[in-house]
Amino acid sequence: MSASRHPALSLWLGWARWLKLWHRYEVQGIEVLDEPGSKLILGYHGRAFAHDLIALTWELYRRQGRIPVSIIHSFADDFGPLRWMKEGMEAVTGDEASVQKVVQEGRHIVLLPGGNREANRSFRVRYQVDWGARLGYLKFALRHRLPIVPVASSGVDDAYIGLNDGYSLGKRLKLPSNLPAWVGIGPLGLMPFSPTFPVKFRQLVGQPIDLYADGTPDPRDTDHLYRLHARVTGAVQDLLNQAREKR
């Protein structure tokens with residue numbers, strides 16, 4: 001462990017490196033993220049946890065000496081262990097001043113718009129981008145003039161076997177904070193008591209998407225935002241399909 005590295009960051013990088021080895025992770029196109037300037041990395045959310053995106057943070061740390069910034073719930077500032085993790089990971093809670101500082105430093109930001117919708121599905125629905133009608137990520141990117149970099153991997157929906165739609169069941173049960181009620185199975189039993197299956201992750205990093213290519217979008221123009229939304233989700237779906245074909 002580096003003497004100057006926060007213990008929380010060391011724990012995270014250790015986990016990321018283990019995931020990289022366990023899943024025989026490989027990435028193609030990461031050079032895009034070596035180019036200067038802050039970018040918004042948008043990923044497909046595989047089963048339960050975004051393990052491939054965690055492995056990507058290891059690769060970026062190895063290449064650049066820093067990991068991408070995560071935006072987390074403001075509750076982290078009020079809960080000691082989460083605040084400790086937030087400080088070590090240099091995460092932000094989404095306030096404009098913190099985000100603007102990150103952008104000015106040229107650091108990348110990671111968002112997973114699919115969230116629980118994608119992460120906690122049945123084995124019957126796999127490798128299908130589902131961000132619903134969520135446009136918040138687009139408004140965020142436009143507000144900070146961030147190019148979008150789509151990322152997707154093969155293998156991620158085979159890490160656990162999902163037995164139900166946890167997102168929908170959690171809604172029906174009215175669980176707090178949009179928590180899912182998901183049952184997933186790994187090689188040693190139920191998640192989270194079992195590790196993932198040791199499936200190979202092959203990750204593709206796409207070319208940046210310039211939201212201003214056809215002029216300056218109006219964040220109040222919902223129709224235009226939905227067209228951009230379709231373009232972005234289509235790019236992520238294309239990467240998913242390509243990654244699986246390469247298998």
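Scroll up for the structure.
Counting starts from 1 at the beginning of each chain's written sequence and moves along it residue by residue. Local features in this predicted model are restricted to residues of pLDDT 70 or higher, and side-chain atom pairs are both shown and tallied only at a pLDDT of 80 or more, whereas totals for entire chains, interfaces and linings draw on every residue. As a rule here, side-chain values come from all non-hydrogen atoms in the structure, and water together with hydrogens is ignored.

1. Some words on the environment of Ser154
So, step 1. Mapping Ser154 onto the fold places it in strand E5 (residues 148-154).
So, step 2. Overall, Ser154 belongs to the buried group, its relative accessible area being 0%.
So, step 3. Separated by 58 residues in the primary sequence, Ser154 and Tyr212 have C-alpha atoms spaced 30 Å apart. Helix and strand labels come from DSSP, where a helix needs a run of H or I of at least four residues and a strand needs a run of E of at least two; each type is numbered from the N terminus. Exposure categories follow from relative accessible area, calculated using a 1.4 Å probe and restricted to protein chains: below 20% of the type maximum is buried, above 50% is exposed, and the middle band is partly exposed.

2. Some details on helix H1 (residues 7-22)
So, step 1. Under the convention used throughout, the expected extent of a helix is 1.5 Å for every residue step, that is, one less than its residue count. Over its 16 residues, H1 runs 22 Å from end to end, which matches the ideal 22 Å to within 8%, given 1.5 Å per residue.
So, step 2. Contacts are residue-level and defined by heavy atoms, with any inter-residue pair within 4.5 Å sufficient. Tucked into the core, H1 has its buried residues touching helix H2 (51-64) and helix H3 (80-89).
So, step 3. Among the residues trailing H1, Arg24 stands out with phi positive, at a value near 50°.

3. Describing the sheet that holds E5
So, step 1. For two strands to be treated as a pair, DSSP must find no fewer than two bridges joining them. On the basis of which strands lie adjacent, the open sheet formed by six strands has the order E1-E9-E5-E2-E4-E3 and mixed pairing. In this open sheet, the two strands that pair with only one neighbour each are strand E1 (26-28) and strand E3 (69-70).
So, step 2. Where strand E2 (residues 40-43) meets strand E4 (residues 109-111), three bridges bridge the pair, whose relative direction is parallel. Bridging from a neighbouring strand, Ile41 pairs with Val110 of E4.

4. Comments concerning the nonpolar core
So, step 1. Within the largest apolar cluster, 51 residues are counted, with the highest numbers of intra-cluster contacts made by Leu40, Ile109, Ile148, Leu211 and Val232.
So, step 2. Contributing elements (two or more residues each) for this core: E2, H2, helix H4 (96-104), E4, helix H6 (136-143), E5, strand E9 (202-205) and helix H8 (222-246).
So, step 3. Top element by residues in this core is H8. It accounts for eight residues.
So, step 4. Once residues within four sequence positions are removed from consideration, Ile109 is found in contact with Lys39, Leu40, Ile41, Val69, Ile71, Val99, Val102, Val103, Phe140 and Leu146. Here, nonpolar core refers to any group of buried Ala, Val, Leu, Ile, Met, Phe, Trp, Tyr and Cys residues whose side-chain atoms link them within 4.5 Å.

5. Some details on the sheet that holds strand E8 (residues 189-190)
So, step 1. Strand order in the open sheet formed by three strands is E6-E7-E8, with antiparallel pairing between adjacent strands. With one partner strand each, in any of the chains shown, strand E6 (161-162) and E8 form the two edges of the open sheet.
So, step 2. In this structure, E6 lies alongside strand E7 (residues 184-186), joined through two bridges in antiparallel fashion. Counterpart to Gly162 in the pairing with E7 is Gly184.

6. Things to note about a nonpolar patch on the surface
So, step 1. Together, Phe123, Ile161, Leu163, Val183, Leu190 and Phe193 give the surface a local cluster of nonpolar side chains, amounting to about 590 Å² of exposed area.
So, step 2. Tracing the backbone through its elements, the reader meets Phe123 in the loop between helix H5 (115-119) and H6.
So, step 3. On the accessibility criterion, Phe123 (42% relative accessible area) is partly exposed. Patches here are clusters of residues that have more than 30% relative accessible area and form no salt bridge, with a 9 Å joining cutoff for like charges and a 5 Å cutoff for nonpolar side chains (Val, Leu, Ile, Met, Phe, Trp, Tyr). Note that accessible areas follow from Shrake-Rupley with a 1.4 Å probe, and for residues the cover is restricted to the protein chains shown. In what follows, salt bridge is the name for a side-chain nitrogen of Lys or Arg lying within 4 Å of a carboxyl oxygen of Asp or Glu.

7. Concerning the packing of aromatic side chains
So, step 1. Under the pairing criterion, centres of Phe, Tyr and Trp rings, with the six-membered ring standing for Trp, must be within 6.5 Å; the plane angle then separates stacked pairs below 30 degrees from edge-to-face pairs above 60, leaving the rest tilted. Per the stated rule, a full pass over the model turns up four aromatic pairs.
So, step 2. Geometrically, the ring pair formed by Trp18 and Trp22 is stacked, given 5.2 Å between the ring centres and 15° between the ring planes. Taken together, the residues Trp18 and Trp22, both in helix H1 and four residues apart, mark about one turn of the helix.
So, step 3. Taking relative accessible area as the criterion, Trp18 reaches 40% and is therefore assigned partly exposed.
So, step 4. Judged by its relative accessible area of 31%, Trp22 falls in the partly exposed class.
So, step 5. The cationic tip of Arg145 hangs over the ring face of Tyr212; the distance from NZ or CZ to the ring centre is 3.9 Å. Should the NZ of a Lys or the CZ of an Arg lie within 6 Å of a ring centre and within 35 degrees of the ring normal, that charge is described as sitting over the ring.

8. A closer look at H6
Note on helix geometry: an α-helix contains 3.6 residues per turn, so any two residues three or four positions apart are oriented the same way.
So, step 1. Considered for burial, the residues of H6 that qualify are Tyr137, Leu138, Phe140, Ala141 and Leu142.
So, step 2. Arg145 lies just past H6 and shows a positive phi near 50°.

9. Quick notes on the packing of H1 against H2
So, step 1. In this analysis an axis means a line fitted to C-alpha atoms, helices contributing only their contacting stretch, and an angle means the value between N-to-C directions, from 0 to 180 degrees. At a minimum axis distance of 8 Å, the contact between H1 and H2 shows a crossing angle of 110°. By the criterion of interaxial angle, the relationship of H1 to H2 is roughly perpendicular. Note that H1 runs across H2; the crossing there is left-handed. Residues Leu9, Trp12, Leu13, Trp15, Ala16, Arg17, Leu19 and Lys20 of H1 form the contact with H2, whose participating residues are His51, Ile54, Ala55, Thr57, Trp58, Glu59 and Tyr61.
So, step 2. We call Asp, Glu, Lys and Arg charged. Ala, Val, Leu, Ile, Met, Phe, Trp, Tyr, Cys and Pro are nonpolar, and the rest, Gly among them, are polar. Of the residues assigned to the contact of H1 with H2, the class counts are 10 nonpolar, two polar and three charged. The scheme is simple: roughly parallel for angles under 35 degrees, roughly antiparallel for over 145, roughly perpendicular for 65 to 115, oblique for anything else. Each crossing gets its hand from how the near helix is turned against the far one by less than a right angle, where anticlockwise is left-handed and clockwise is right-handed.

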